[in-house]
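Residue strings, one per chain:
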Amino acid sequence: MSDDVRLRAAAVDLGASSGRVLVGTVGPDHLDTEVVHRFPNEPVDVNGRLSWNLPSLWRGILAGIREAGERGVTSVGIDSWGVDYGLLDEAERLLAPPVHYRDSRTDGIMERVRADVGDRTLYATTGVQFMGFNTAYQLLAEDPATLRKARTMLLMPDLICHRLTGRIGAERTNASTTQLYDVRGRTWSEDLVRRLGLPRRLLPPLREPGDLLGPIRSQLRGPLGVSRDVWVTTVASHDTASAVAAVPAHDGHFAYVSCGTWSLVGLELGSPVLSAAGLEANFTNEVGVDGTIRYLRNVMGLWLLQESMRTWRDEGRPVGLARLLADAEAEPPLRSVVDAESPDFLAPGDMPERIRAHCRDTGQPEPTTPAQVTRCVLDSLALAHARNVAAAQRLSGRRVDVVHVVGGGAQNSLLCQLTADACGLPVVAGPVEATALGNLLVQARAHGVLVDRAEARDVVRRTQDLRTYEPRDHERWSALLAA
């Protein structure tokens, strides 16, 4: 295909703490991006529930699309986090603000469902990691009166797509995170929905990454300054699915760490792994581009450091990230580590004190300075990355030769080096904007500019800044990994 065939598109990328709109130009030998708008994504209290500020998000999205329209885009794609949703009534009006996954309303529900339905049944059907905020548990936490009024549930990217186009549907990569999706049958699990006592009507028709959804609503085109020629294209709307689509791998023998607020650590497989060992290890089987499986575990990620920095700022002693990382690198390695997958670290609050308490309870030295806390966090994340890369290989039978770190964590050179050391494997860091690039690459495929996943990844390798970290001193980590 000639290099002069290019797509100019907008990627709307909604993260846990901020959103942004990027404009990209994609061709067989070309991939560049420009951030045209950023906006905060901060939860708010609504009637005692931690909720997403959807009006603020919507204003940010429209402002970004307006900027993108001025730059001549012809396609727009939306990606976001998983599990959270909005409920629409018969008139397709939102019944209430979408609740944030960190809200406490689901406390205890997962445990009751696991007792009633059984872990083996749940895992054999959905293949999804047990996490207390999964969509199934959130729906069970809804007010029954609200559920009776609801016609359909739309996950967050689908909710934005509905506002832009009027089309109702559920993009498959995000639907697979709900614990209501049959990962082998590739459809909603009618049996599980019935056993949970949820209304089947809530689950909308499924659609694929790369579906051409439709033009932007006529009433929005004037305010946005776009024409009927600007279409919304369904992408891999779960942000990790988009990030994995942009992993610059040469072949299938790679692991990935999509590293930001969360670290998603896993492999790309052709089929789900639903074994008893996978259930015991609590690995998830989520859908990726082209029907692939993202076989992974969620690790708390740089949330541990972000929330620590917020605490220090609130205490009147802010510390810049560059200074923190430089000071942390000078600290002794592996002095103290915490379980980066513990739910103790999920909620907002005084993260340094929770880290110190964890160290006290496990008989380790307490990190007292910001540098010591930071080193503890990064050592702990690297250890969690390595444990899960090793577990994914063991459970799937897939050999890994390289670990790709993508997302914001790819800029953290200390974390990347520690991950290489802990894994005993080379780490290739980048692209930083993996989620937005994956979003754009799927749009390019949908519009005939790129042929397949392999060509898309080749474009990433040839156009993006990547850095390789070779493992050093892996033996230091071996004892901890064996524990």
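Above this text you will find the structure in question.
Residues numbered from 1 in each chain as written. Predicted model: local features only at pLDDT ≥ 70, side-chain atom pairs only at ≥ 80, totals over all residues. Heavy atoms only, no water.

1. Some remarks on the overall build of the chain
Note the cut-off: By the criteria applied, helices consist of DSSP H or I runs no shorter than four residues and strands consist of E runs no shorter than two, each listed in order from the N terminus. It is over C-alpha atoms that the radius of gyration is taken, and the globule rule equals 2.2 Å times the number of residues to the power 0.38. Classification of residues uses two cut-offs on accessible area relative to the type maximum, computed with a 1.4 Å probe and protein chains only: under 20% is buried, over 50% is exposed, and between them is partly exposed. Residue contacts follow a heavy-atom distance rule, with two residues in contact if any of their heavy atoms lie within 4.5 Å. We get accessible surface area from the Shrake-Rupley algorithm with a probe of 1.4 Å; when it comes to residues, only the shown protein chains can shield them. Here Asp and Glu are counted as negative and Lys and Arg as positive; His is not counted, and neither are the chain ends. Taken as the charge location is NZ of Lys, CZ of Arg, CG of Asp or CD of Glu.
Helix and strand counts for the chain come out as 19 helices and 21 strands. The C-alpha radius of gyration of the chain comes to 22 Å, within 12% of the 23 Å expected for a compact globule of 483 residues. Seen through its C-alpha atoms, the chain measures out along the principal axes to roughly 60 × 55 × 50 Å. The proportion of buried residues among the 483 residues of the chain is 58%. Once local pairs closer than 6 in sequence are excluded, the contacts in the chain between residues at least 24 apart make up 73%. As presented, the chain carries roughly 18,200 Å² of accessible surface, and 47% of it is formed by carbon and sulfur atoms. Computed over 53 positive and 60 negative side-chain charges, the separation of the two mean positions in the chain equals 4 Å.

2. Quick look at the sheet that holds strand β1 (residues 7-14)
Put simply, the rule is: Strand pairing is assigned whenever DSSP detects at least two bridges linking the two strands. Note on geometry: axes are lines fitted to C-alpha atoms, helical ones only across the stretch in contact, with angles between N-to-C directions running from 0 to 180 degrees.
The mixed open sheet is built from 6 strands, whose spatial order is β3-β2-β1-β6-β14-β13. Pairing within the sheet leaves two strands with one partner each, and these edge strands are β3 (30-40) and β13 (212-215). For this sheet the average axis-to-axis angle between neighbouring strands, irrespective of direction, equals 25 degrees. Of the strand pairs in this sheet, β13 and strand β14 (residues 231-233) are connected by 3 bridges, and their pairing is antiparallel. Counted as the bridge partner of Pro 215 is Trp 231 from β14. Those strands touched by helix α1 (residues 54-70) are β1, β2 (18-27), β3 and β6 (75-79), and its axis lies near 140 degrees from that of β3.

3. Comments concerning the layout of surface pockets
Rules: The distinction between a cavity and a pocket rests on a 1 Å grid over the protein atoms alone: a 1.4 Å probe fits inside a cavity but cannot get out, while a pocket stays open yet meets protein on both sides within 12 Å along at least five of seven lines, and a residue with an atom within 4 Å of a point counts as lining. Grid points are joined across faces, edges and corners, and a volume is the space filled by probe spheres set on the points.
Estimated volume of the largest pocket: approximately 1,200 Å³. Along its surface, the largest pocket is lined by 48 residues, and Ala 16, Cys 259, Gly 260, Thr 261 and Trp 262 are the ones closest to its centre.

4. A word on the pairing of strand β19 (residues 402-406)
Stated precisely, the cut-off is as follows: Every crossover in which the path from the first strand over the helix to the second runs clockwise, viewed with the strands pointing away from the viewer, is termed right-handed.
Counting buried positions along β19 yields 5 of 5 residues, so the element is predominantly enclosed. Of the two faces of β19, the one carrying Val 402, His 404 and Val 406 and the one carrying Val 403 and Val 405 are both buried. Across 5 bridges, the pairing between strand β15 (residues 254-259) and β19 is parallel. Its bridge partner being in β19, Ala 255 is matched across the sheet by Val 403. Sheet topology places β19 next to strand β20 (residues 427-429); 3 bridges connect them, and they run parallel. Counted as the bridge partner of Val 403 is Val 427 from β20. Following the chain from β19 across helix α16 (residues 413-423) to the adjacent parallel β20, one finds a crossover that is right-handed.

5. Regarding the pairing of β6
Counting buried positions along β6 yields 5 of 5 residues, so the element is predominantly enclosed. Both β1 and β6 contribute to a ladder of 5 bridges, which runs parallel. Bridged to Ala 10 within β6 is Val 76.

6. A few points about α16
Side chains of residues three or four places apart in an α-helix project in the same direction, reflecting 3.6 residues per turn. Burial analysis of α16 places 10 of its 11 residues in the buried class, the great majority of the element. Leu 414, Leu 415, Cys 416, Gln 417, Leu 418, Thr 419, Ala 420, Asp 421, Ala 422 and Cys 423 are the residues of α16 that are buried. One or two residues past the end of α16 sits Gly 424, with phi positive at roughly 70 degrees.

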